[in-house]
Amino acid sequence: ALAALITIGNIIGFILMLVVAGIIGWIADRIVPGELPWGWVGAILAGLVGSWVGTLILGDLGPEIFDIAVIPALVGAVILAAIVEVIGKLSTGTVRTRT
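Predicted model only: the values in this text are computed from it and were never measured. (Residues numbered from 1 in each chain as written. Predicted model: local features only at pLDDT ≥ 70, side-chain atom pairs only at ≥ 80, totals over all residues. Heavy atoms only, no water.)

(A) Quick look at the environment of Gly62. Turning to its location among the elements, Gly62 is positioned in the loop between helix 2 (39-58) and strand 1 (64-65). Between the C-alpha atom of Gly62 and that of Pro72, which follows or precedes it by 10 residues, the distance is 7.9 Å. (Helix = DSSP H or I, 4+ residues; strand = E, 2+ residues; numbered from the N terminus.)

So, in structure tokens, the structure goes:
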């Protein structure tokens, strides 16, 4: 019974971590002109990868929410969104805009 509770707790923690990553990716998408591809999936990926990149640059600076250091994650997600936007401009010659 205890193992089942631990497993359920781990699943809920993982889901909440994805929610936080999605919110951070969404904020980064709003900061950087253009739009991240794949909607919320792109925002979650930007938040997760941005968290990794930001932690490499800034360490575990600031508060953590569900194992995501918020400030480095946002900085990394903004960097990632800017890179995705530049690559999108170079490959298509246009800017993706919000609809």
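(B) Up close: a nonpolar patch on the surface. On the surface, Val49, Trp52, Leu56, Ile57, Leu58, Leu61, Ile71, Val75, Ile79, Ile83 and Ile87 cluster together to form a nonpolar patch covering roughly 990 Å² of accessible area. Elements that contribute at least two residues to the nonpolar patch include exactly helix 2 and helix 3 (70-92). Topologically, Leu56 is positioned in helix 2. On the accessibility criterion, Leu56 (59% relative accessible area) is exposed. (Patch = residues over 30% accessible without salt bridge, like charges linked within 9 Å, V, L, I, M, F, W, Y side chains within 5 Å. Areas by Shrake-Rupley, 256 points an atom, 1.4 Å probe, with all protein chains shown as cover. Salt bridge = Lys/Arg side-chain N within 4 Å of Asp/Glu carboxyl O. Buried < 20%, exposed > 50% of the residue type's maximum accessible area, 1.4 Å probe, protein only.)

(C) View of the nonpolar core. Core analysis: the biggest nonpolar cluster contains seven residues, these being Val20, Ala21, Ile24, Ala28, Ile68, Ala73 and Ala77. When contributions to this core are tallied by element, the ones reaching two or more residues are helix 1 (2-31) and helix 3. Per-element tally for this core: the top contributor is helix 1, with four residues. Once you skip the residues sitting within four places of it in the chain, Ile68 turns out to touch Met17, Val20, Ala21, Ile24, Ser51, Pro63 and Ala73. (Core = buried A, V, L, I, M, F, W, Y, C linked by side-chain atoms within 4.5 Å. Contact = heavy atoms within 4.5 Å.)

(D) Highlighting the packing of helix 2 against helix 3. Contact geometry of helix 2 with helix 3 gives a least axis separation of 6 Å together with a crossing angle of 110°. With respect to helix 3, the axis of helix 2 lies roughly perpendicular. The hand of the helix 2/helix 3 crossing is right-handed. Residues Leu45, Ala46, Gly47, Val49, Gly50, Ser51, Val53, Gly54, Thr55, Ile57 and Leu58 of helix 2 pack against Ile71, Pro72, Ala73, Val75, Gly76, Ala77, Ile79 and Leu80 of helix 3. Tallied by class, residues from the contact of helix 2 with helix 3 come to 13 nonpolar, six polar and no charged. (Axes fitted to C-alpha atoms, helices over the stretch in contact; angles between N-to-C directions. Parallel < 35°, antiparallel > 145°, perpendicular 65-115°, else oblique. Left-handed = near helix turned anticlockwise from the far one by under 90°. Nonpolar A, V, L, I, M, F, W, Y, C, P; charged D, E, K, R; others polar.)

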